[in-house]
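Structural overview for review
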Amino acid sequence: MAERKVRVRFAPSPTGALHIGGVRTALYNYLFARQHGGEFVFRIEDTDSHRFVPGAEEYIIESFRWLGIPFDEGVSFGGDHGPYRQSERREIYKQYVRQLLDSGKAYIAFDTPEELEAKRNEIENFQYDARTRMQMRNSLTLPKEEVDRLMADGEQFTVRFKIEPGQEVHVDDMIRGDVRVKSDILDDKVLYKSADELPTYHLANIVDDHLMEITHVIRGEEWLPSAPLHVLLYRAFGWEDTMPRFAHLPLLLKPEGKGKLSKRDGDRLGFPVFPLEWHDPKTGEVSSGYRESGYFPEAVVNFLAMLGWNPGTEQELFSLDELVEAFDITKCSKAGAKFDFKKGIWFNHEYILRKSNEEIAGLFAPIVANNGVDESMERITEVVAMMKDRVDFVKELWPLCSFFFIAPTEYDEKTRKKRWKDYSVRQMTELAEVLEGIDDFSIEGQEPVVKQWVESKDYKLGDIMNAFRLALVGEGKGPGMFDISAFLGKEETLRRLRRAIEVLN
């Protein structure tokens, strides 16, 4: 049999914001597809009409556009295997439901919710399976005439998969190896509901993966219990030769304590769990997103790639192309990955350092303008060059750098008490005279002259520099003092220095 082209899919449900765990699943699918010269399909699983949320599908597409993870085909991308929304594939699923019923691999059940609840109360740990199905109201226990009459009368029904006991089911998992399960522990899952004429996740998933020629199913660990059922469904249809290989990814775990990562963890510890800000149309609640929080998409991708996988080397910073090159699905961890959100911040800091000063300045310039400052890109770039290594996010630059653009009107009390001595007015007045006499106001022009003056007067360099900083900055922060004064220029430096002498005297 010819080797099939690798095709993977990401198939979210449009039930709200896309969780960051879903983003990681999509990323691993993308990396796997690209590595094998394959294709990445985007499918929307919207068979549960009650949970549909308006705007969720557009939100998911926009998230991947921002992250820079492209799809090859699917909803809004086109392709030869559509439609790619499950709600538009009703008639396709009905054919396969009929095939299972005709071959005796499935049966029709008329049990009402009340009857099922009564049976649960009667039998402890009740499961609808080979042991109990003959006690229920279905096409296996009712005469054919009765079944036909109920159908003709429009009685609501479900179609259940008939699982035969005594089989050993093998799931070939690329991360977990050969997973074996006895069919006796599986229940006769509902595959179709007449109420909305839609299949459940299990049937729709299998049919779509088969018809869309999906070769590998890479999904979250939470779907591992359903894998044996999916293997049995492939067998029931006679599709063993095209059965995809599975890979069940480890869960993303809470940063603290036990259990899987939730939105509550993000709210409590102050980090996003969604790629973009989400406005819930039902509750009006707004949840933070990585984009709006100031993360670079490349940093988010790099951070997520390392949660549950590592390249086996010391390297941590990868471009998307480098990730494609290095990624190996078999090296994913079986255990859950702790969501170290502080590491995500570290990645963003590293990407600030990697980006050119010009690029960061381009992002910082609107913030400068919004604070009422009209400054050239050249000058903004100079400030970025001095200060970008001190921040994790571009938005943190303004509180740290505003003094470059706006002279202080107040002086930090704590710094003043510590750094402005009784003799500071005299020393700063002398310093102003020294600076006045310097023609070359570059760092190289100022520094030797000022240091020579300090030495000749037998002053402490620390005293001079600390008071000088307070005068120019208003508090005890910033880069080297001559970097600041050279940037401000002679006129502005002297103006600030003389105002501080006047105010702090």
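Residues numbered from 1 in each chain as written. Predicted model: local features only at pLDDT ≥ 70, side-chain atom pairs only at ≥ 80, totals over all residues. Heavy atoms only, no water.

A tally of helices and strands in the protein chain yields 19 helices and 15 strands. Relative to the globule expectation of 23 Å for 505 residues, the C-alpha radius of gyration of the protein chain, 33 Å, shows a markedly less compact shape. In terms of overall dimensions, the protein chain has a C-alpha envelope of 110 × 50 × 40 Å along the principal axes. Among the 505 residues that make up the protein chain, the fraction classed as buried is 50%. In the protein chain, 72% of the contacts between residues at least 6 apart in sequence involve partners at least 24 apart. For the protein chain, the centre of its 68 positive side-chain charges and the centre of its 87 negative side-chain charges are spaced 4 Å apart. (Helix = DSSP H or I, 4+ residues; strand = E, 2+ residues; numbered from the N terminus. Rg over C-alpha atoms; globule rule 2.2 N^0.38 Å. Buried < 20%, exposed > 50% of the residue type's maximum accessible area, 1.4 Å probe, protein only. Contact = heavy atoms within 4.5 Å. Lys, Arg positive; Asp, Glu negative; His and termini not counted. Charge placed at Lys NZ, Arg CZ, Asp CG, Glu CD.)

For an interface, size is often stated in terms of accessible area lost upon the parts coming together. The assigned domain composition of the protein chain is domain 1 (87-249), domain 2 (263-352), domain 3 (355-404) and domain 4 (413-504). Here the C-alpha centre of domain 3 lies 58 Å away from the C-alpha centre of domain 1. (Domains from an automatic or database assignment.)

Turning our attention to the packing of helix H14 (residues 397-405) against helix H19 (residues 481-504). Two numbers describe how H14 lies on H19: the axes approach to 9 Å, and their chain directions differ by 55 degrees. Between H14 and H19, the angle falls in the class oblique. Touching Phe403, Phe404 and Phe405 of H14 are Ile484, Phe487, Leu488 and Arg496, all from H19. (Axes fitted to C-alpha atoms, helices over the stretch in contact; angles between N-to-C directions. Parallel < 35°, antiparallel > 145°, perpendicular 65-115°, else oblique.)

What follows covers the UniProt feature "short sequence motif: 'HIGH' region" (unreviewed entry) in the protein chain. UniProt marks residues 12-22 with the feature "short sequence motif: 'HIGH' region" (unreviewed entry), using the numbering shown here. The distance separating the terminal C-alpha atoms of residues 12-22 is 8 Å; by composition the span is 27% helix and 0% strand. (UniProt positions renumbered as here; feature names shortened; annotations may be inferred.)

Our next topic: the environment of Ile92. In this fold, Ile92 is placed in helix H3 (residues 90-102). Separated by 30 residues in sequence, Ile92 and Glu122 have C-alpha atoms that sit 38 Å apart. What Ile92 contacts, discounting residues up to four positions off in sequence, is Val207 and Leu211.

Within the open sheet, the three strands sit side by side as E1-E2-E3. Their pairing is parallel. Because the sheet does not close on itself, it has two edges, and the strands there are strand E1 (7-10) and strand E3 (73-74). The sheet contact formed by E1 and strand E2 (residues 39-42) spans four bridges and is parallel. Bridge pairing links Arg9 to Val41 in E2. Running at roughly 165 degrees to E1, helix H1 (residues 20-35) makes contact with E1 and E2 of the sheet. (Pairing = 2+ DSSP bridges.)

The next point concerns the pattern of salt bridges. Considering all chains together, one arrives at 51 salt bridges under this definition. As a salt-bridge pair, Arg495 and Glu492 come within 3.0 Å of each other at their nearest N and O atoms. Of the two residues, Arg495 and Glu492 both sit in helix H19, three residues apart, roughly one turn of that helix. Among the charged side chains, a salt-bridge network with shared partners connects Arg9, Arg43, Glu45, Arg89, Asp208 and Asp209. (Salt bridge = Lys/Arg side-chain N within 4 Å of Asp/Glu carboxyl O.)

A word on the sheet that holds strand E5 (residues 158-161). Spatially, the four strands line up as an open sheet ordered E4-E5-E8-E9, and their pairing is antiparallel. If you trace the sheet from one side to the other, it starts and ends with strand E4 (106-109) and strand E9 (198-199), each paired once. Here three bridges tie E5 to strand E8 (residues 190-193), and the two strands are oriented antiparallel to one another. Each bridged residue has a counterpart across the sheet, and for Arg160 the counterpart in E8 is Val190.

Turning next to the UniProt feature "domain: Glutamyl/glutaminyl-tRNA synthetase class Ib catalytic" (unreviewed entry) in the protein chain. Taken from the UniProt record, the annotation "domain: Glutamyl/glutaminyl-tRNA synthetase class Ib catalytic" (unreviewed entry) applies to residues 5-343. With 32% helix and 16% strand, residues 5-343 has its two end C-alpha atoms placed 36 Å apart.

Once that is clear, we can look at a positive patch on the surface. Side chains of Lys414, Lys418, Arg419, Lys421 and Lys460 sit close together on the surface and give a patch of like positive charge. Looking at where Arg419 falls in the secondary structure, it is placed in helix H15 (residues 413-419). (Patch = residues over 30% accessible without salt bridge, like charges linked within 9 Å, V, L, I, M, F, W, Y side chains within 5 Å. Areas by Shrake-Rupley, 256 points an atom, 1.4 Å probe, with all protein chains shown as cover.)

Ile329, Phe339, Phe364, Phe404, Phe405 and Leu497 are the most contacted members of the largest nonpolar core, which has 156 residues in total. A total of 10 residues in this core trace back to one element, the largest contributor, which is H19. Not counting chain neighbours up to four residues away, the residues in contact with Phe404 comprise Val383, Met386, Met387, Pro479, Ile484, Phe487, Leu488 and Arg496. The next biggest cluster of nonpolar side chains, apart from the first, holds six residues, and it includes Tyr107, Ala109, Leu116 and Tyr128. (Core = buried A, V, L, I, M, F, W, Y, C linked by side-chain atoms within 4.5 Å.)

Of all five residues that make up strand E10 (residues 216-220), five are buried, and the element is covered over most of its length. Where E10 meets strand E11 (residues 245-249), five bridges bridge the pair, whose relative direction is parallel. Paired with Arg219 across the strands is His248, a residue of E11. Once you follow E10 into helix H7 (residues 227-237) and on to E11, the crossover reads as right-handed. (Right-handed = clockwise from strand over helix to strand, strands pointing away.)

Quick look at unusual backbone geometry now. Between Gly82 and Pro83 the backbone carries a cis peptide bond, its omega angle lying at -5 degrees. In this structure, Pro83 sits in the loop between E3 and H3. A positive phi angle, near 70 degrees, is found at Ser76, a position not held by glycine. Residue position: Ser76 is located in the loop between E3 and H3.

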